Amino acid sequence: MTRRGALIVVSGPSGVGKDSVLKAFMPGRRDIMLSISATTRPPRVNEIDGEHYHFISQDAFKDMIAKDEMLEYAEYAGNYYGTPRQWVEENLRRGMHVILEIELVGALKIRALMPEAVFVFLMPPSLSTLRDRLIGRGTETPSSISARMEAAKKEILQASAYDYIIVNHTLPDSCEKLSAIIGAAAQRASHLKDIIQEVTKDA
């Protein structure tokens, strides 16, 4: 019997290092898949369909919403972003752990739909560190940095809604903690009900 994989939802404020942590974490992990979101916005330079996003039309996206084929979705600046349900479910059924890197609003929707998922919030060591990281990008204007910092404060205040918090001091430390969380999630009693049934079937 193939054990169902665990669904891991990772969130955190802009600039906290979610992409960097997952990029460092994923190589060599054949038991884990990183979910790829769908979006209706056009690809940017160097973005590849099916690798960075699934780029689809607005009509196709709305059709998926109508058919309940999105686990969660949101609209930003006239474009839709969301998580296709079928891909996630198929990989969980075949025993793969699936990581969703999504914003807090989407994570709360997943919590309502799939309470068995494990929710991880990536936290900056301090707000000043977060500001320094945003400035270090070299792509943000002062006004956008201020807006992102205000959003970050609101998101951090809701971090207690998650199961785990990882303070992103260094990439190796954050990767080690994420690995431990996924390992523990795979062994939860609620996740291994099939094992209980298997062991006791001949009792």
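Okay, so let's go over this structure. All values reported here derive from a predicted model rather than from experimental measurement.

Further remarks concern the pattern of salt bridges. Counting across every chain of the model gives 8 salt bridges. One salt bridge connects lysine 67 with aspartate 63, and the closest N-O pair in it is separated by 3.2 Å. A salt bridge links aspartate 163 to arginine 111; the shortest N-O distance between them is 3.5 Å. On the criterion of sequence distance, the pair formed by aspartate 163 in the loop between α6 (142-156) and β9 (164-167) and arginine 111 in helix α4 (residues 104-113) is long-range, its members being 52 residues apart. Exposure remark for aspartate 163: the relative accessible area of 39% places this residue in the partly exposed category. For arginine 111, a relative accessible area of 26% corresponds to the partly exposed category.

This paragraph deals with the sheet that holds strand β2 (residues 32-34). In space, the 5 strands of this open sheet follow the order β2-β7-β1-β8-β9, with parallel pairing throughout. Two strands in the sheet have a free side with no partner beyond their single neighbour: β2 and β9. Going across the sheet, the axis of each strand differs from the next one's by a mean of 25°, ignoring polarity. Alignment of strand β8 (residues 118-123) against β9, held across 4 bridges, turns out to be parallel.

To continue, consider the packing of helix α5 (residues 127-137) against α6. Relative to each other, α5 and α6 sit at 140°, their axes nearing to 11 Å. As for how α5 packs across α6, the hand of that crossing is right-handed. Across the interface between the two elements, Leu127, Leu130, Arg131, Leu134, Ile135 and Arg137 of α5 pack against Ile145, Arg148, Met149, Ala152, Lys153 and Ile156 of α6. Of the residues contributing to the contact of α5 with α6, the split by class is 8 nonpolar, no polar and 4 charged.

Turning our eyes to something else, we now look at the packing of aromatic side chains. For the coordinates displayed, the defined rule picks out 7 aromatic pairs. Here the aromatic rings of tyrosine 53 and tyrosine 81 are separated by 6.0 Å at their centres, their planes lie at 65°, and the arrangement is edge-to-face. Of this pair, tyrosine 53 sits in the loop between β3 (38-39) and β4 (54-55) while tyrosine 81 is found in strand β6 (residues 79-84), placing the two residues 28 residues apart along the sequence. Residue tyrosine 53 is classed as partly exposed on the basis of its relative accessible area of 22%. Cluster of aromatic residues (ring-pair linked, three or more members): Tyr53, Phe55, Tyr76 and Tyr81. If you follow lysine 109 out to its NZ or CZ, it ends over the ring of tyrosine 73, 5.0 Å from the centre.

Rules of the game
Residues numbered from 1 in each chain as written. Predicted model: local features only at pLDDT ≥ 70, side-chain atom pairs only at ≥ 80, totals over all residues. Heavy atoms only, no water. Salt bridge = Lys/Arg side-chain N within 4 Å of Asp/Glu carboxyl O. Helix = DSSP H or I, 4+ residues; strand = E, 2+ residues; numbered from the N terminus. Buried < 20%, exposed > 50% of the residue type's maximum accessible area, 1.4 Å probe, protein only. Pairing = 2+ DSSP bridges. Axes fitted to C-alpha atoms, helices over the stretch in contact; angles between N-to-C directions. Left-handed = near helix turned anticlockwise from the far one by under 90°. Contact = heavy atoms within 4.5 Å. Nonpolar A, V, L, I, M, F, W, Y, C, P; charged D, E, K, R; others polar. Phe/Tyr/Trp six-rings, centres within 6.5 Å; stacked < 30°, edge-to-face > 60°. Lys NZ or Arg CZ within 6 Å of the ring centre and 35° of its normal.

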